[in-house]
Amino acid sequence: MMESNFPEKLFYKIGEVSKITNTEPYVLRYWETEFPFLHPKKNKAGQRVYLSRDIDAVLKIKKMLYEEGYTIAGVKKKFKEEPQTDNKFFVKAIKGVKKDLKGILDLMKKVDSKMGA
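Residues numbered from 1 in each chain as written. Predicted model: local features only at pLDDT ≥ 70, side-chain atom pairs only at ≥ 80, totals over all residues. Heavy atoms only, no water.

**Q** Where do I start with the overall build of the protein in this structure?
**A** If you tally the helices and strands in the protein, you get five helices and two strands. Listing each helix as α and each strand as β along the protein from the N terminus yields α-α-β-β-α-α-α. Among the 117 residues that make up the protein, the fraction classed as buried is 32%. Within the protein, contacts between residues separated by at least 24 positions form 57% of all contacts whose residues are at least 6 apart in sequence. (Helix = DSSP H or I, 4+ residues; strand = E, 2+ residues; numbered from the N terminus. Buried < 20%, exposed > 50% of the residue type's maximum accessible area, 1.4 Å probe, protein only. Contact = heavy atoms within 4.5 Å.)

Put into structure tokens, the structure is as follows:
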């Protein structure tokens, strides 16, 4: 799995992901339609909100397509096979979710303390 070399934040907008991964926003939107595991949530304003695990997935997809010569179908097949052959990606994703949730909890605690709750 690729190492994450981008600033640690809870959420990233599509423009930030585009810059981090050097991938055009329209390509990211297209990949969302092709890869069900790449489905960033949307905030109240309707903007895509990516997590660090989503960026890792984008980087992996990009590497497979552009460096390793996979087709879209090949990438889909590889990701389907991955749970049986390589759980590192999913373990990292779960750790990322745990870290994100901890960050949200810490933020909520700060808000509560400022509000006098």
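Still more to cover.
**Q** It is not clear to me how the confidence of the model for the protein should be interpreted in this structure. Could you clarify?
**A** Detailed reading of the predicted coordinates is not advisable wherever pLDDT falls low. Residues with a pLDDT of 70 or more make up 86% of the protein, whose mean pLDDT is 85. Within the protein, the lowest mean pLDDT, 79, falls on helix 4 (residues 72–85), and the highest, 96, falls on helix 2 (residues 25–34). (pLDDT = per-residue confidence, 0-100.)

**Q** Any chance you could explain the nonpolar core here in plain terms?
**A** Looking at soluble globular proteins, one finds that nonpolar side chains tend to be buried together. Core analysis: the biggest nonpolar cluster contains 18 residues, and L28, W31, L38, Y50, I61 and V75 have the highest contact counts within it. Put simply, the parts of the chain that give this core at least two residues each are helix 1 (14–21), helix 2, helix 3 (52–67) and helix 4. If you tally residues by element for this core, the top one is helix 3, at seven residues. In this structure, I61 is in contact with W31, F35, F37, L38, V75 and F79, ignoring residues within four places of it in sequence. (Core = buried A, V, L, I, M, F, W, Y, C linked by side-chain atoms within 4.5 Å.)

**Q** Hey, could you run me through the packing of aromatic side chains in this one?
**A** The description of an aromatic ring pair rests on the distance of the ring centres and on the angle between the ring planes. Scanning the model with the defined rule gives three aromatic pairs in all. Between W31 and Y66, the ring centres sit 6.3 Å apart and the planes meet at 40 degrees, which makes this aromatic pair tilted. Residue W31 is located in helix 2, and its partner Y66 is located in helix 3; the two are separated by 35 residues in the primary sequence. Taking the relative accessible area as the measure of exposure, W31 reaches 2% and is therefore buried. Judged by centre distance (4.1 Å) and plane angle (25 degrees), the ring pair of F37 and F79 falls under stacked. With F37 in the loop between helix 2 and strand 1 (41–42) and F79 in helix 4, the pair connects residues that are 42 residues apart, well separated along the chain. Grouped by ring-pair contacts, the aromatic residues F35, F37 and F79 constitute a single cluster. (Phe/Tyr/Trp six-rings, centres within 6.5 Å; stacked < 30°, edge-to-face > 60°.)

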